[in-house]
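So you can see what is in the structure, the chains are spelled out below.
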Amino acid sequence: MKKNDYYPIFNTMVLLLASTYGHAACNPNITLTAPNSRYELLNSGSEVKDKQTGLVWQRCSLSQIWDGASCTGSASQMNWPNALQTAANLGSGWRVPNIKELDSLVELACYGPSINKAIFPNVPNSRYWSSSPDLQDGYDAWSVNFNDGRVDRESGDFFVRLVRNGQ
């Protein structure tokens, strides 16, 4: 089964947990797909190396700042062309991840957000852009919704997390 094949079952189970406990969390009966041990903190904790993929991620969403303990400030939302241009302007190899790279951050055992909150703190429960265009119409691009881990074709203003290839 692929990840998205679990979505209807997982979503129903998490909603039941959320209604029982008043908030969504990680299901202790599902093995974590993105445990802390999968990551290595770099550059005083502001960057994260995924030991499984070899990619280096900015720990905070675009416009947030790593203060040594957490991501502070408000993450900015932007349209897809602006997200791509902003990443290009930063240089140093930073780029908007493709959809497979971005989807690799989804924690299947968690919901609201569906990402490792210890490694990526203060993640808005919303969509994040990938660099992968929708080849059907050329106007939308693929995104990951870190509230529930869904992958969709979208247009609009979304958040951005940058990545670069590992050294």
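You'll find the structure just up there.
Residues numbered from 1 in each chain as written. Predicted model: local features only at pLDDT ≥ 70, side-chain atom pairs only at ≥ 80, totals over all residues. Heavy atoms only, no water.

(A) How the structure looks around the state of the cysteines. Counted according to the given criterion, the structure contains two disulfides. Paired through a disulfide, Cys-26 and Cys-110 show a sulfur-sulfur distance of 1.8 Å. One quick way to see it: the torsion about the S-S bond of Cys-26 and Cys-110 is about 95 degrees, and its sign makes the bridge right-handed. Taken as a pair, Cys-26 in the loop between helix 1 (7-21) and strand 1 (39-42) and Cys-110 in the loop between helix 3 (99-103) and strand 6 (127-133) lie far apart in primary sequence, 84 residues in all. Judged by its relative accessible area of 41%, Cys-26 falls in the partly exposed class. Across the disulfide from Cys-60 sits Cys-71; the S-S distance is 2.2 Å. Looking along the S-S bond of the Cys-60-Cys-71 disulfide, the torsion reads about -90 degrees, which is the left-handed sense. Taken as a pair, Cys-60 in the loop between strand 3 (55-58) and strand 4 (65-66) and Cys-71 in strand 5 (residues 71-72) lie far apart in primary sequence, eleven residues in all. Cys-71 sits in the buried class, given a relative accessible area of 3%. Sequence-ordered numbering of the bonded cysteines in the protein chain gives a disulfide pattern of 1-4, 2-3. (Disulfide = S-S within 2.5 Å. Helix = DSSP H or I, 4+ residues; strand = E, 2+ residues; numbered from the N terminus. Buried < 20%, exposed > 50% of the residue type's maximum accessible area, 1.4 Å probe, protein only.)

(B) Quick look at the pairing of strand 1. In the sheet, strand 1 pairs with strand 2 (residues 47-50) via four bridges, with the strands oriented antiparallel. Looking at strand 2, one finds that Leu-41 is bridged to Val-48. Where strand 1 folds back onto strand 2 in an antiparallel hairpin, the turn is made up of four residues, including Asn-43, whose phi is positive at roughly 50 degrees. (Pairing = 2+ DSSP bridges.)

(C) Structural view of the sheet that holds strand 7 (residues 141-145). Strands sit in the order 6-7-8 across an open sheet of three strands; the sheet is antiparallel. This sheet does not close on itself; its edge strands, each paired only once, are strand 6 and strand 8 (150-154). With direction set aside, neighbouring strand axes in the sheet form an average angle of 30 degrees. When strand 6 meets strand 7, the two strands line up antiparallel, connected through four bridges. Considered in strand 7, the bridge of Pro-133 is made with Ala-141. Contacts between helix 2 (residues 80-90) and the sheet are confined to strand 6 and strand 7, with strand 6 contributing the most and set at about 80 degrees to the helix. (Axes fitted to C-alpha atoms, helices over the stretch in contact; angles between N-to-C directions. Contact = heavy atoms within 4.5 Å.)

(D) Representation of helix 2 in the model. Every buried residue of helix 2 is accounted for by Trp-80, Ala-83 and Ala-87. Down the axis, helix 2 shows its buried residues gathered within 60 degrees of arc, on one side only. Facing away from the buried side of helix 2 by over 90 degrees, the exposed positions are Pro-81, Ala-88 and Asn-89. If you follow the buried residues of helix 2, they end up packed against strand 6 and strand 7. Two to three positions downstream of the cap, the backbone nitrogen of Asn-82 sits 2.9 Å from a side-chain oxygen, assigning the N-cap of helix 2 to Asn-79. Downstream of helix 2 by a residue or two, Gly-91 has a phi angle that is positive, lying close to 70 degrees. (Arc of directions from axis to C-beta. Polar contact = N/O pair within 3.5 Å; in protein donor to acceptor, adjacent residues only side chain to side chain.)

(E) Representation of the nonpolar core in the model. Counting residues in hydrophobic clusters, the biggest one holds 19 residues, and the most contacted among them are Tyr-39, Trp-57, Leu-105, Phe-120 and Phe-146. Every element with two or more residues in this core is listed here: strand 3 and helix 3. Core analysis: the next-biggest nonpolar cluster, separate from the first, contains 13 residues, Val-56, Phe-158, Val-160 and Leu-162 among them. (Core = buried A, V, L, I, M, F, W, Y, C linked by side-chain atoms within 4.5 Å.)

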